[in-house]
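Topology and contacts: notes
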Amino acid sequence: MSEKLLARDIMTGGVQCVGAHESLLDVARTMRDLGVGCLPICGDNNRLTGLITDRDIVVKCCAEGIDPATVQAGSLNAKIHWIDAEADAADVLTTMEQHQIKRLPVIDVKGGHRLVGMITEADLAKNLSDEQIAEFVSCVYATARA
């Protein structure tokens, strides 16, 4: 990995947000239409407030017998981790490994603190060495030890 490789170099740009007030049914349709399993949630101020995954919709709504048309995306917000677009690729890996996350929103802090992209496992695989990918996999997919 080049020392100059930044989060903005690794990320996929053009990420679409869903509104915090959108229903999970609408979010699921957007995921289907975009062919993605995760979308950032933006609040009324257009700031990133969370992420929602297809698994969140299934486990926290459908599996509980709740109609996804009646639940707002913002109600599933949890603590969110993100990275500055100017952060070094090593910081990207460290953040994802420490928090055991597979998707990391990229924020342009100098450019108005706006969401500019998302880093996924596929982005890492395209940009990092085999050794770095192996370390990521062992950290993020590690199982709890007895």
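The notes below deal with the structure included here.

Focus on the overall build of the protein
- Per the secondary structure count, the protein includes 6 helices and 7 strands.
- Over its C-alpha trace the protein gives a radius of gyration of 16 Å, about what one expects of a compact globule, namely 15 Å for 146 residues.
- Dimensions of the protein, computed from C-alpha atoms along their principal axes, come out at roughly 45 × 45 × 25 Å.
- In the protein, which comprises 146 residues, the proportion classed as buried is 38%.
- Accessible area for the protein stands at about 8,300 Å²; split by element, carbon and sulfur atoms hold 49% of it.
- Within the protein, the 21 negative side-chain charges are centred at a point lying 2 Å from the centre of the 14 positive side-chain charges.

A few points about the sheet that holds strand β7 (residues 114-120)
- Read across the open sheet, the 4 strands follow the order β1-β7-β6-β5; overall the sheet is mixed. In this open sheet, the two edge strands, each paired with only one partner strand, are β1 (12-13) and β5 (83-84).
- Where β5 meets strand β6 (residues 103-108), 2 bridges bridge the pair, whose relative direction is parallel. Across the sheet, the residue bridging to D84 is I107, located in β6.

A look at the state of the cysteines
- If you walk through the whole model with that rule in mind, you get 1 disulfide.
- Between the sulfur atoms of C17 and its disulfide mate C42 the distance is 2.2 Å. Taken together, the residues C17 in the loop between β1 and β2 (18-19) and C42 in strand β3 (residues 38-42) connect sequence positions 25 residues apart.
- On the basis of relative accessible area, C42 is assigned to the buried category, the value being 8%.
- Between C62, a free cysteine, and C61, which holds the nearest cysteine sulfur, the sulfur-to-sulfur gap is 4.8 Å.
- Since its relative accessible area comes to 39%, C62 is described here as partly exposed.

Let's talk about the environment of D123
- Topologically, D123 is positioned in helix α5 (residues 121-127).
- For D123, a relative accessible area of 4% corresponds to the buried category.
- Excluding its chain neighbours within four sequence positions, the residues that come into contact with D123 are I10, M11, T12 and M118.

Rules behind the numbers
- Residues numbered from 1 in each chain as written.
- Predicted model: local features only at pLDDT ≥ 70, side-chain atom pairs only at ≥ 80, totals over all residues.
- Heavy atoms only, no water.
- Helix = DSSP H or I, 4+ residues; strand = E, 2+ residues; numbered from the N terminus.
- Rg over C-alpha atoms; globule rule 2.2 N^0.38 Å.
- Buried < 20%, exposed > 50% of the residue type's maximum accessible area, 1.4 Å probe, protein only.
- Areas by Shrake-Rupley, 256 points an atom, 1.4 Å probe, with all protein chains shown as cover.
- Lys, Arg positive; Asp, Glu negative; His and termini not counted.
- Charge placed at Lys NZ, Arg CZ, Asp CG, Glu CD.
- Pairing = 2+ DSSP bridges.
- Disulfide = S-S within 2.5 Å.
- Contact = heavy atoms within 4.5 Å.

It is worth stressing that arrangement in space is one thing and function is another; only the former is reported here.
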